[in-house]
Structure formats: C-alpha cells, structure tokens
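In case you want the letters, here they are:
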Amino acid sequence: MAKILITEDEDSLRIFVARALRLDGHETVEAPDGAAGLDALTDGGFDLLLSDIRMPVMDGIELAHKASAAHPALKILLMTGYAEQRERADDLASKIVDVVSKPFSLPDIRRAVAQALAA
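Residues numbered from 1 in each chain as written. Predicted model: local features only at pLDDT ≥ 70, side-chain atom pairs only at ≥ 80, totals over all residues. Heavy atoms only, no water.

Right, let's get into the UniProt feature "modified residue: 4-aspartylphosphate" (unreviewed entry) in the protein chain. Under the UniProt annotation, "modified residue: 4-aspartylphosphate" (unreviewed entry) lies at Asp52. If you trace the backbone, Asp52 turns up in strand S3 (residues 48-52). Contacts of Asp52, omitting those with residues within four sequence positions, involve Thr7, Glu8, Asp9, Gly60, Met79, Thr80 and Lys102. (UniProt positions renumbered as here; feature names shortened; annotations may be inferred. Helix = DSSP H or I, 4+ residues; strand = E, 2+ residues; numbered from the N terminus. Contact = heavy atoms within 4.5 Å.)

Listed below in structure tokens is the structure:
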C-alpha cells in the first residue's frame, strides 16, 4: 500500500482521514500545517501528499509547489471547503491530481485517494 502525508490544520479531520486511510492499509504521516508537512517530506518515500489548501504558516498551494519541485514523482491531492481556494489551485493543474471539496464523506475521500494513487 501507499505512504501518505496528510497536512490538515483541523485536528479532528486530519485524524479522521488518517484513520480511514490506515484501515485501507496505507501508512500515514500527519502534519498540522504546510511547514510541518514540508519538513516531513524531507524524510522521503511518500507516494501521495493529501493537503488542505487553507492552513496557517504555509498554505497547501505553496506546499504543493515546493513539494512538486523537490519530489517531482509525488502525487498531490488537495482538499478545500472554499470555492475561491479551489480556483487558486488552477495554476497547479500539471502538478496535482485533483481537488476534493469539503465536506466529504469517508467513501468520498477513500475513493479520491485510490484514484490519485492510480493516476
């Protein structure tokens, strides 16, 4: 299965998503913001970055740009609850697999991750 980095500032959502993906057999590492996520990426070996767009310290857009530059083979899936944030991700079209809209159900995020890993 895959090694997935989850960056999300909302603790309950980050824990919920990590638990669901671990039930699918994935290994997860969690970070509360983009800066911590970027630090975690230096350990390497990740198959997927699943990141919220709107976070303190470093947002998901900046994280995606930096992660893609440092790890070109890394698949990136973004999450957002804000329509205008989704539009900000348009310049990342060649670097990300998709943007998942919040709120989402457990089957929705599991399906999105499976599709991102298969892409």
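Now that the structure has been shown, the text picks up again.
So, about unusual backbone geometry. Here the amide bond leading from Lys102 into Pro103 is cis, since omega sits at -5 degrees, within 30 degrees of zero. Position of Pro103 relative to the elements: it lies in the loop between strand S5 (98-101) and helix H5 (106-118). Non-glycine residue Val57 carries a positive phi angle of around 70 degrees. Looking at the secondary structure, you find Val57 in the loop between S3 and helix H3 (60-70).

Let's shift gears to the pattern of salt bridges. Considering all chains together, one arrives at 7 salt bridges under this definition. Note that Arg22 and Glu30 form a salt bridge whose closest N and O atoms lie 3.3 Å from each other. Among the residues examined, Glu30 registers a relative accessible area of 35% and is labelled partly exposed. Among the ionic pairs, Arg111 bridges to Asp108, the shortest N-O distance being 2.8 Å. A residue pair is termed a helical-turn pair when its members lie 3 or 4 positions apart in one helix, as Arg111 and Asp108 do in helix H5 at 3 residues. Look at Arg111 and you get partly exposed, because its relative accessible area is 44%. Assessed through its relative accessible area of 32%, Asp108 is described here as partly exposed. Within the structure, one salt-bridge network assembled from shared partners comprises Glu8, Asp52 and Lys102. (Salt bridge = Lys/Arg side-chain N within 4 Å of Asp/Glu carboxyl O. Buried < 20%, exposed > 50% of the residue type's maximum accessible area, 1.4 Å probe, protein only.)

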